[in-house]
Amino acid sequence: MKGNRLFQKRTIRFVIFNLLVAIAYAMGVRLSHEFATLPATVASVWFPSGMTLALVYLLGNRAVLGIICGSTYALMLGLFKVNPSLPVWSFLLVLTFCACGNVLQPLVATYWIKRYARHQDIFSHVNTVVLYIAAAVFAPMVSASLGVTSLCVAGVIKWHGYGISWVTWWLGSALPHLIFTPTILLWKNLSQPNEHRWLEITLVLFVFLCVSWICFLKGYPLAYLLLPILIWTVFRYGSFFASLLVSLVSLIAILSTARGHGLYIENSPNQSLLLLQSFTAVFSLTSLILSAVIDERKEAELSLKQTMESLETQVIERTKELQQSKAQLSGFFASAPVGMGIVDRQLRYIRINPLLAEIYQRDLDECLGRSAQEIVPDLSLQIEASLNEVFKTGTPLLNQENASNLYNPDGTLQTWLSSYFPIFDLDDIPVAVGFVVFEISDRKRAEADMKYAESILRKANLELESLVNIDGLTQIANRRCFNQRLELEWSRLEREQQPLTLILFDIDYFKRYNDCYGHQMGDDCLMAIAQAVKQVLLRPTDLVARYGGEEFAVILPNTDAKGAIIVAEQIRRTITNLCIAHQKSDIGDIVTVSIGVASLIPNSIQEPSMLVKQADVALYHAKQRGRNQSVMFSPC
């Protein structure tokens, strides 16, 4: 219910508003017909144009229905007076075309202005005023073309009179855009003048009306007097009152000329009104452009004033900030936990803090204005070299160590760490160098202690790594080291597509050896064999490892099957040549070994365990065939 009542109220307001627009339009049409100088009521001044453009610009499409109704009603009354009467189709054609033209004219002008105007207030800038003038002049061409064409088609106007009719219609519609529409649009910008200003405005208006009366009613050629009054009004009171004066003088001039009075009386009323149109158009254009120039100037002055005030405020704030920064810098200099100073281009100290003076073992005032050579001669070469580099490059120089010839009580040299940074002028040229200094003697001593501790730790890690990877009995690689090396070589040779060989061997009847000679002799036997095999391997990439118990493994990278058998036989003969006694062996009276050999090119399908399995199978076949021999793995 509430929504329906709201809709009804809006509908009633819409209807009433458009009804008022239609009535106002019809009254404007009736007034315009008083100035019709051509057939079919083609008027030299079309007053509704000034109203419709303002309504559409301010209210949009809400006024379109009222314009159509008012235009149709007024034109019907005018067409009924045409003699002879028009046929129905001609009557409807003229009504339709004229109504469309009267609606399209303000719509086109409004679209053009709002589409291309850079400023919302179109009369306060010259570029938007020029745009408005162009729209005000161009848009009436639409209604003139539609209206005059329809009247010619209907036979109301002869085709040979098309040109003069079109120009008259166009100027008659464009002129109110320039004279009356700005007054309506500028009404919202009117500010309330004070009492003295009202008196001044009244006096100017009175003088203006008197001059207009003398010119356009009495016919005296004094129209030029209107221009200084207009200029004064623009400068003094702004664009609205200037536009209002233009509207008044134009209305007076139009009415007086239509009644046969004034300066522009020629042989025909149409020529008189056309001359008047040119006068009022120039007068209006002068007012609009001059007002825009003045408004732009006022806006620029206001912007400049605001900018100056803003700059003044910023200067005051900046001055306070600089004073505050200066106080903070002084406080920071005085209480900083490190030595700080500033030197000029002559490398003389212009500011230092108490801690730096204490580091230099001098009074603060004694350091100012003096060079490093005078204050710290033993460090002057290092300090001046750093300062000169910063002055030359304009870039900071950080963490420069300076060691003096003075010793601390603990016997260490005094060492300072200094950082230098440039201070630039407004042209980005270094004019001074600031620096900070703090003693790092304790840190240097700690760093030395740290390096010593790291060397000890590194040595301990190497020893620990050796213990982790070395078999404690035989002093060769253990099973863990063997597994890591096998994985590493497998990955490397897989990329290189080179062969990898593994030799597995164990001591024949070693359990009997331990039972016969004891475990101590067994350990000695294992150590002797391990060291003997280690001597056989000459390449650094080869590895012999204790695989478990009396079993050993040898990794031979980049070795094919033929080379692997040669190495295996060298190992077997070397162990045999040790001539370690073994009375319980079924082979002979010395220690011998059985060897299994496997060789392949690693690939991503197989695992390193496959190579171990193949070597183990070959070792098994060596034992089955009578021991004390080398056997190469064969898949068959």
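Here the structure is a predicted model, which means the values were calculated and not measured. (Residues numbered from 1 in each chain as written. Predicted model: local features only at pLDDT ≥ 70, side-chain atom pairs only at ≥ 80, totals over all residues. Heavy atoms only, no water.)

Colleague: Go over the packing of helix 18 (residues 479-496) against helix 22 (residues 608-624) with me, naming the residues and quoting the values.
Modeller: Here helix 18 crosses helix 22 at 115°, and the two axes come no closer than 9 Å. In this view, helix 18 runs roughly perpendicular relative to helix 22, as classed from their interaxial angle. Residues Phe 482, Leu 486, Glu 487 and Trp 490 of helix 18 form the contact with helix 22, whose own contacting residues are Pro 608, Leu 611 and Val 612. The class makeup of the residues in the contact of helix 18 with helix 22 is 6 nonpolar, no polar and 1 charged. (Axes fitted to C-alpha atoms, helices over the stretch in contact; angles between N-to-C directions. Helix = DSSP H or I, 4+ residues; strand = E, 2+ residues; numbered from the N terminus. Parallel < 35°, antiparallel > 145°, perpendicular 65-115°, else oblique. Contact = heavy atoms within 4.5 Å. Nonpolar A, V, L, I, M, F, W, Y, C, P; charged D, E, K, R; others polar.)

Colleague: Account for helix 21 (residues 561-577), with residues named and values stated.
Modeller: An ideal rise of 1.5 Å per residue puts 24 Å on 17 residues; helix 21 measures up with 24 Å between its terminal C-alpha atoms. Listing the buried residues of helix 21 in full gives Ala 564, Val 567, Ala 568, Glu 569, Ile 571, Arg 572 and Ile 575. Where helix 21 is buried, its residues meet strand 8 (500-507), helix 20 (519-536), strand 10 (551-557), strand 11 (593-600) and strand 12 (630-632). Directly after helix 21, the chain includes Cys 579, whose backbone phi takes a positive value near 55°. (Expected span 1.5 Å × (residues − 1). Buried < 20%, exposed > 50% of the residue type's maximum accessible area, 1.4 Å probe, protein only.)

Colleague: Talk me through the state of the cysteines; I want residue IDs and the actual numbers.
Modeller: As enumerated under the stated definition, the model contains 0 disulfides in all. The thiol of Cys 98 is not disulfide-bonded; the next cysteine sulfur, from Cys 100, is found 9.3 Å away. Residue classification places Cys 98 among the buried residues on the basis of a relative accessible area of 3%. (Disulfide = S-S within 2.5 Å.)

Colleague: So what about the side chain of His 177? Which residues, and what values?
Modeller: Relative to the helices and strands, His 177 is located in helix 7 (residues 162-179). Residue classification places His 177 among the buried positions, given a relative accessible area of 0%. Polar side-chain contacts of His 177 include one of 3.0 Å to the side chain of Gln 105. With near-sequence residues (within four places) excluded, His 177 lies in contact with Ser 49, Gly 50, Leu 53, Gln 105, Tyr 132, Ala 136, Pro 140 and Pro 182. (Polar contact = N/O pair within 3.5 Å; in protein donor to acceptor, adjacent residues only side chain to side chain.)

Colleague: I'd like to hear about the sheet that holds strand 9 (residues 543-548), residue by residue, with values.
Modeller: Reading across the sheet, the 5 strands line up as 9-10-8-11-12 and stay open at both edges, with mixed pairing between neighbours. Strand pairing shows two members of the sheet lacking a second neighbour, strand 9 and strand 12, which therefore form its edges. Within the sheet, the average angular offset between the axes of one strand and its neighbour, ignoring direction, is 20°. Against the sheet, helix 22 contacts strand 8, strand 9, strand 10, strand 11 and strand 12, and its axis sits at roughly 145° relative to strand 11. (Pairing = 2+ DSSP bridges.)

Colleague: Provide a residue-level description of the packing of helix 2 (residues 48-59) against helix 7, including the pertinent values.
Modeller: The contact between helix 2 and helix 7 brings their axes to 7 Å, and the two run at 55°. One way to sum up the angle between helix 2 and helix 7 is to call them oblique. Here the hand of the crossing between helix 2 and helix 7 comes out right-handed. Taken together, the residues of helix 7 that come into contact with helix 2 (itself represented by Ser 49, Gly 50 and Leu 53) are Ser 173, Pro 176 and His 177. Tallied by class, the residues present in the contact of helix 2 with helix 7 amount to 2 nonpolar, 4 polar and no charged. (Left-handed = near helix turned anticlockwise from the far one by under 90°.)

Colleague: Residue-level account of the pairing of strand 3 (residues 339-344), with values.
Modeller: Within strand 3, 6 of the 6 residues are buried, which leaves the element mostly enclosed by the surrounding structure. Residues Gly 339, Gly 341 and Val 343 point to one face of strand 3 and Met 340, Ile 342 and Asp 344 to the other, with burial holding for every one of them. As judged from the 6 bridges shared by strand 3 and strand 7 (residues 430-439), these two strands associate in the antiparallel manner. Of the residues in strand 7, the one forming a bridge with Ile 342 is Gly 434. Relative to strand 4 (residues 349-352), strand 3 runs antiparallel, the two being bridged by 3 bridges. Residue pairing in the sheet places Gly 341 in a bridge with Ile 352 of strand 4. The antiparallel pairing of strand 3 with strand 4 creates a hairpin that spans 4 residues between the two strands, and Leu 347 there sits at a positive phi of about 60°.

Colleague: Just give me the short version of the pairing of strand 11, but keep the residues and values in it.
Modeller: The element strand 11 is largely enclosed, with a buried count of 7 among its 8 residues. Examined bridge by bridge, strand 8 and strand 11 share 8 bridges and lie antiparallel to one another. Counterpart to Phe 505 in the pairing with strand 11 is Ile 595. Bridge count for strand 11 against strand 12 is 3 bridges, and the pairing is parallel.

Colleague: I'd like to hear about a nonpolar patch on the surface, residue by residue, with values.
Modeller: A cluster of nonpolar side chains, namely Ile 12, Ile 16, Leu 19, Leu 20, Ile 23 and Met 27, defines an oily patch on the protein surface of about 610 Å² accessible area. Its location among the elements puts Leu 20 in helix 1 (residues 2-33). (Patch = residues over 30% accessible without salt bridge, like charges linked within 9 Å, V, L, I, M, F, W, Y side chains within 5 Å. Areas by Shrake-Rupley, 256 points an atom, 1.4 Å probe, with all protein chains shown as cover. Salt bridge = Lys/Arg side-chain N within 4 Å of Asp/Glu carboxyl O.)

Colleague: Pulling in residues and values, what's your account of unusual backbone geometry?
Modeller: The phi dihedral of Leu 347 falls on the positive side, at around 60°, and the residue is not glycine. Counting through the fold element by element, Leu 347 comes out in the loop between strand 3 and strand 4. With phi around 65°, Gln 475 is a residue other than glycine that occupies positive phi space. Note that Gln 475 resides in the loop between helix 17 (441-469) and helix 18.

Colleague: A description of the nonpolar core should follow, citing residues and the corresponding values.
Modeller: Formed by 44 residues in total, the largest nonpolar core has its most connected members in Ile 122, Phe 123, Tyr 132, Phe 208, Leu 226 and Phe 283. When residues of this core are assigned to their parent elements, the largest contribution, 7 residues, is made by helix 11 (residues 239-258). If we skip the residues at most four places from it in the chain, Ile 122 touches Tyr 57, Ile 113, Ala 117, Thr 128, Val 129, Tyr 132 and Leu 185. Of all hydrophobic cores here, the second largest spans 30 residues; its members include Trp 46, Leu 75, Val 94 and Trp 166. (Core = buried A, V, L, I, M, F, W, Y, C linked by side-chain atoms within 4.5 Å.)

On their own, these measurements won't tell you what the molecule is for.
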